[in-house]
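# Structural overview
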Amino acid sequence: MSDASPPPSSADSSGTPGFDELTRDIADVPAVEVITTVAVHLMSAAAVNLGLAEEGAEHKDLDEARKLIQALAGLVTAGATEISSFHAAPLRDGLKSLQLAFREASVIPDEPGQGPGEKYTGPVYG
């Protein structure tokens, strides 16, 4: 009887794929898909923290929303040239909507150009 564990590329007893299989799967995903998926996750998390989800007041946290919007703006700005206008345009629109929602949700709004992500996008106006 051997106590040897299965090789890392095989599935464990629960059927969960091993590290090598997951790495191979990630390698097959085009960069544009990875970038847009991350952007959508940042947008969703920011929207929740802005109180825009169901039962929004329970989850409203403008400090967290600011961080998420800032990260989203950096990703969208840096990635836009890599993912084409077709993919970047809706991300820019979503980012702007979140920036405007942040300004609206703030008790004391930031000066134009000082809001989350605006160092990357420039001032955002309604």
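Reading guide: rules and limits
- Residues numbered from 1 in each chain as written.
- Predicted model: local features only at pLDDT ≥ 70, side-chain atom pairs only at ≥ 80, totals over all residues.
- Heavy atoms only, no water.
- Helix = DSSP H or I, 4+ residues; strand = E, 2+ residues; numbered from the N terminus.
- Expected span 1.5 Å × (residues − 1).
- Polar contact = N/O pair within 3.5 Å; in protein donor to acceptor, adjacent residues only side chain to side chain.
- Patch = residues over 30% accessible without salt bridge, like charges linked within 9 Å, V, L, I, M, F, W, Y side chains within 5 Å.
- Areas by Shrake-Rupley, 256 points an atom, 1.4 Å probe, with all protein chains shown as cover.
- Salt bridge = Lys/Arg side-chain N within 4 Å of Asp/Glu carboxyl O.
- Core = buried A, V, L, I, M, F, W, Y, C linked by side-chain atoms within 4.5 Å.
- Buried < 20%, exposed > 50% of the residue type's maximum accessible area, 1.4 Å probe, protein only.
- Contact = heavy atoms within 4.5 Å.
- Arc of directions from axis to C-beta.
- Axes fitted to C-alpha atoms, helices over the stretch in contact; angles between N-to-C directions.
- Parallel < 35°, antiparallel > 145°, perpendicular 65-115°, else oblique.
- Left-handed = near helix turned anticlockwise from the far one by under 90°.
- Nonpolar A, V, L, I, M, F, W, Y, C, P; charged D, E, K, R; others polar.

## Focus on helix H4 (residues 62-105)
Taking 1.5 Å as the rise per residue, H4 with 44 residues should run 64 Å; its terminal C-alpha atoms sit only 8 Å apart, a clear shortfall. N-capping of H4 is provided by Asp 61, with a side-chain oxygen placed 3.2 Å from the backbone N of Asp 63.

## Points about a nonpolar patch on the surface
Taken together, the side chains of Val 29, Val 34 and Val 38 define a hydrophobic patch exposed on the protein surface, amounting to about 190 Å² of accessible area. Position of Val 38 among the secondary structure elements: in helix H2 (residues 31-49).

## Focus: unusual backbone geometry
Backbone geometry at Ser 84 places phi at a positive 75 degrees, although glycine is not the residue there. Relative to the helices and strands, Ser 84 resides in helix H4.

## Some details on the nonpolar core
Counting 20 residues, the largest nonpolar core has Leu 50, Ile 69, Leu 72, Leu 91, Leu 95 and Leu 98 as the members making the most contacts within it. Of all the secondary structure elements, the ones that give two or more residues to this core are H2 and H4. For this core, the element with the most residues is H4, which contributes 14 residues. The residues touching Ile 69, leaving out its near neighbours within four places in the chain, are Ala 46, Leu 50, Leu 95, Leu 98, Gln 99, Phe 102, Pro 116 and Gly 117.

## Some details on H2
Taking 1.5 Å per residue, 19 residues should reach 27 Å; H2 reaches 27 Å between its end C-alpha atoms and fits that length. Inspection of H2 places Ile 35, Thr 36, Ala 39, Leu 42, Met 43, Ala 46 and Asn 49 among the buried residues, and these make up the whole buried set. In an axial view of H2, the angular spread of the buried residues amounts to 150 degrees, which keeps them on one side of the axis. Contacts from the buried residues of H2 go to helix H3 (56-59) and H4. Of the residues flanking the end of H2, it is Gly 51, one or two places downstream, whose phi is positive at about 85 degrees.

## With respect to the packing of H2 against H4
At their nearest, the axes of H2 and H4 sit 8 Å apart, and the two run at 150 degrees to each other. Here H4 runs roughly antiparallel to H2, going by the angle between their axes. Of the two possible hands of crossing, H2 and H4 adopt the one that is left-handed. Of the residues contributing to the contact of H2 with H4, the split by class is 21 nonpolar, 4 polar and 1 charged.

## A word on the pattern of salt bridges
This model, assessed by the stated rule, comprises 4 salt bridges. Residue Glu 64 pairs with Lys 67 through a salt bridge whose shortest N-O separation is 3.5 Å. One end of the pair, Glu 64, and the other, Lys 67, are both in helix H4, 3 residues apart, so they sit about a helical turn from each other. Here Glu 64 falls in the partly exposed class, since its relative accessible area comes to 34%. Between Glu 118 and Arg 103 there is a salt bridge; the shortest N-O distance is 2.7 Å. Remark: Arg 103 occurs in helix H4 and Glu 118 occurs in helix H5 (residues 118-121); sequence separation between them is 15 residues. Pair check on accessibility: Glu 118 and Arg 103 agree, each one buried.

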